[in-house]
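Residues per chain are reported as follows:
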Amino acid sequence: MITYLITGITVVVSFICFNNRLLFDKLSLKPYRIVHAKEWYRIISHGFVHADWVHLFVNMFTFWSFGKYIEETFRYLGFGEGAFLLLYFGGMVVASASDVIRYRNAAWYTSIGASGAVSAVLFTAIFLNPWDKILLFAVIPIPGILFGLLYLAYCQYMARQGSDNINHNAHFYGAIYGFLFPGILNPTLFHLFFKQLI
């Protein structure tokens with residue numbers, strides 16, 4: 001399954017980068033290098049690099065939890081494996097786009113992690129089954145649609161605060177992409193989503 005493959009590669013690459021600063025810097029999202037040195041691969045490669053074990057575990061556990069479900073559902077809907085790859089890596093690209101534009105002349109700026117892609121997968125799950133329970137703070141079960149609204153509001157609030165080193169904008173844009181993605185592939189799914197809501 002693609003979920004296991006992506007998870008495995010991400011864990012291995014992240015682990016290597018924990019002790020290899022040169023590789024870490026080579027794979028990280030650096031908008032200045034992307035724009036001025038044409039290192040476009042960084043838009044994808046940064047998703048395989050994480051800051052530490054906690055960052056890696058949270059992202060990969062969330063991805064593993066929802067990725068398997070989305071893979072199975074996509075097969076059932078006839079989308080195929082290509083659609084799942086487009087969801088994951090498309091989410092990564094969309095989540096990074098605003099940073100590439102905003103920080104294109106900031107040589108100091110660096111971003112890492114698969115959070116944008118993972119948010120895309122999570123929000124596709126919410127779109128397909130909005131009333132399914134998701135654990136808030138990994139403890140409190142709440143409907144996915146409520147979790148999604150709280151998550152987006154939190155991302156926007158924290159992005160405005162700018163008080164931590166987390167790329168909340170990447171989470172937000174990845175989530176929006178993931179939410180819209182299934183409906184773009186098959187517009188009748190928008191009707192199904194609203195039908196489930198009411």
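Residues numbered from 1 in each chain as written. Predicted model: local features only at pLDDT ≥ 70, side-chain atom pairs only at ≥ 80, totals over all residues. Heavy atoms only, no water.

- Looking at an unreviewed UniProt entry, one finds the protein chain named Rhomboid family intramembrane serine protease, with Odoribacter splanchnicus as its source organism.
- Looking at the protein chain in UniProt, the text filed under Subcellular location (unreviewed entry) is "Membrane". (UniProt positions renumbered as here; feature names shortened; annotations may be inferred.)

### Considerations on the nonpolar core
Step number 1: Grouped together as the largest cluster of nonpolar side chains are 44 residues, with contacts concentrated most on Phe63, Ile70, Phe74, Leu87 and Tyr88.
Step number 2: Of all the elements in the fold, those that place two or more residues in this core are helix H1 (2-18), helix H2 (21-27), helix H5 (53-77), helix H6 (81-102), helix H7 (115-128), helix H8 (144-161), helix H9 (168-185) and helix H10 (188-197).
Step number 3: The element best represented in this core is H7, accounting for 10 residues.
Step number 4: Those residues in contact with Phe63 that lie beyond four places of it in its chain are Thr3, Ile6, Thr7, Lys68, Phe84, Tyr88, Val118 and Val121. (Core = buried A, V, L, I, M, F, W, Y, C linked by side-chain atoms within 4.5 Å. Buried < 20%, exposed > 50% of the residue type's maximum accessible area, 1.4 Å probe, protein only. Helix = DSSP H or I, 4+ residues; strand = E, 2+ residues; numbered from the N terminus. Contact = heavy atoms within 4.5 Å.)

### Some details on the pattern of salt bridges
Step number 1: This model, assessed by the stated rule, comprises 4 salt bridges.
Step number 2: The partner of Asp25 in a salt bridge is Arg21, with the nearest N and O atoms 3.4 Å apart. Of this pair, Asp25 and Arg21 both sit in helix H2, separated by 4 residues, roughly a single helical turn.
Step number 3: Owing to a relative accessible area of 56%, Arg21 belongs among the exposed residues under this scheme.
Step number 4: Between Glu71 and Arg75 there is a salt bridge; the shortest N-O distance is 3.9 Å. Of this pair, Glu71 and Arg75 are both found in helix H5, 4 residues apart, which corresponds to roughly one turn of the helix.
Step number 5: When salt bridges that share partners are traced, they join Arg33, Glu39 and Arg42 into one network. (Salt bridge = Lys/Arg side-chain N within 4 Å of Asp/Glu carboxyl O.)

### Remarks on the packing of H8 against H9
Step number 1: Running from N to C, H8 and H9 cross one another at 150 degrees; their axes reach a closest spacing of 8 Å. Taken together, H8 and H9 sit at an angle that is classed as roughly antiparallel. Between H8 and H9 lies a crossing of left-handed hand. On H9, the residues touching Tyr151, Leu152, Tyr154, Cys155, Gln156, Met158 and Ala159 of H8 are His168, Asn169, His171, Phe172, Ala175 and Ile176.
Step number 2: Class assignment of the residues belonging to the contact of H8 with H9 gives a composition of 9 nonpolar, 4 polar and no charged. (Axes fitted to C-alpha atoms, helices over the stretch in contact; angles between N-to-C directions. Parallel < 35°, antiparallel > 145°, perpendicular 65-115°, else oblique. Left-handed = near helix turned anticlockwise from the far one by under 90°. Nonpolar A, V, L, I, M, F, W, Y, C, P; charged D, E, K, R; others polar.)

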